[in-house]
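Residue-level structural notes
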Amino acid sequence: GKYDLKITAQSNSEVIKYDTIVVSLGARYASYCSNLSRTIFVDPTKEQEKYYGCVLKAQEAAIAAMKPGKPMNGAYKAVVESFKA
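Let me begin by describing the structure that accompanies this report. Everything numeric here is computed off the predicted structure, so don't read it as measured data.

Observations concerning unusual backbone geometry
Of note, the phi angle at Ala30 is positive, near 55°, even though the residue is not glycine. With respect to the helices, strands and loops of the structure, Ala30 is situated in the loop between β1 (20–29) and β2 (32–41). A positive phi is found at Asp43, a non-glycine position, where the angle reads about 55°. Within the secondary structure, Asp43 sits in the loop between β2 and α1 (46–65).

Structure representation (structure tokens):
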């Protein structure tokens, strides 16, 4: 349906085009703030699939590099190396 950012938005019968959808949700409680974002590809192009694959590979490298007792810069280095490959 129609794009609408209001909390009270309701769907309708309008057809939206295939595209990239970015969803972001934030919450605040007392002095705690949180934000969650997601990107959804609908019928992605070959270029989008290529870049998504690169980012996924980098994320997997970062997670694999995070080990108890190891410095966090190891995760950063793993991501940089994955992009160089």
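Moving on from the model shown.
Examining the pattern of salt bridges
Scanning the model with the defined rule gives two salt bridges in all. A salt bridge links Glu49 to Lys46, with the nearest nitrogen and oxygen atoms 3.9 Å apart. Here Glu49 and its partner Lys46 are both found in helix α1, three residues apart, which amounts to about one turn of the helix. Classification of Lys46 by relative accessible area gives exposed; the value is 69%. Here Lys84 and Glu81 are joined by a salt bridge, their closest N and O atoms 3.6 Å apart. Of the two residues, Lys84 and Glu81 both sit in helix α2 (residues 73–84), three residues apart, roughly one turn of that helix. Note on Lys84: relative accessible area 62%, which makes it exposed. Looking at Glu81, the relative accessible area reads 47%, which means it is partly exposed.

Some words on the packing of α1 against α2
Where α1 contacts α2, the two axes come as close as 8 Å, and the packing angle between them is 150°. One finds that α1 runs roughly antiparallel with respect to α2. Viewed along their axes, α1 and α2 form a crossing whose handedness is right-handed. Of α2, the residues touching α1 (which contributes Cys54, Val55, Lys57, Ala58, Ala61, Ala62 and Ala65) are Gly74, Ala75, Ala78, Val79, Ser82 and Phe83. Partitioning the contact of α1 with α2 into residue classes produces 10 nonpolar, two polar and one charged.

Examining the pairing of β2
With 10 bridges joining them, β1 and β2 adopt antiparallel strand pairing. In the strand pairing of β2, Tyr29 is matched with Tyr32.

Rules and cut-offs
Sequence positions are assigned chain by chain, starting from 1 and proceeding in written order. Totals for whole chains, interfaces and linings use every residue, but because this is a predicted model, local features are given only for residues with pLDDT of at least 70 and side-chain atom pairs only at 80 or more, for both listing and counting. Heavy atoms throughout the structure, all of them, feed into the side-chain values; hydrogens and water do not. A run of DSSP states H or I qualifies as a helix once it reaches four residues; a run of E qualifies as a strand once it reaches two. Both are numbered from the N-terminal end. Each salt bridge in this description consists of a side-chain nitrogen of Lys or Arg and a carboxyl oxygen of Asp or Glu lying within 4 Å of one another. Relative accessibility under 20% of the residue-type maximum defines a buried residue, over 50% an exposed one, and the middle range a partly exposed one, all with a 1.4 Å probe and only protein chains included. Axes here refer to lines fitted to C-alpha atoms; in helices the fit is confined to the stretch in contact. Angles between the N-to-C directions go from 0 to 180 degrees. Roughly parallel means an angle under 35 degrees; roughly antiparallel means over 145; roughly perpendicular covers 65 to 115; every other angle is labelled oblique. Left-handed describes a crossing whose near helix is turned anticlockwise from the far helix through less than a right angle; right-handed describes the clockwise counterpart. Any two residues whose heavy atoms approach within 4.5 Å are treated as being in contact. Amino acids outside the nonpolar list (Ala, Val, Leu, Ile, Met, Phe, Trp, Tyr, Cys, Pro) and the charged list (Asp, Glu, Lys, Arg) are all regarded as polar, and Gly is one of them. Here the rule is simple: two strands pair whenever DSSP picks up at least two bridges between them.

Geometric values such as these leave the question of function open.
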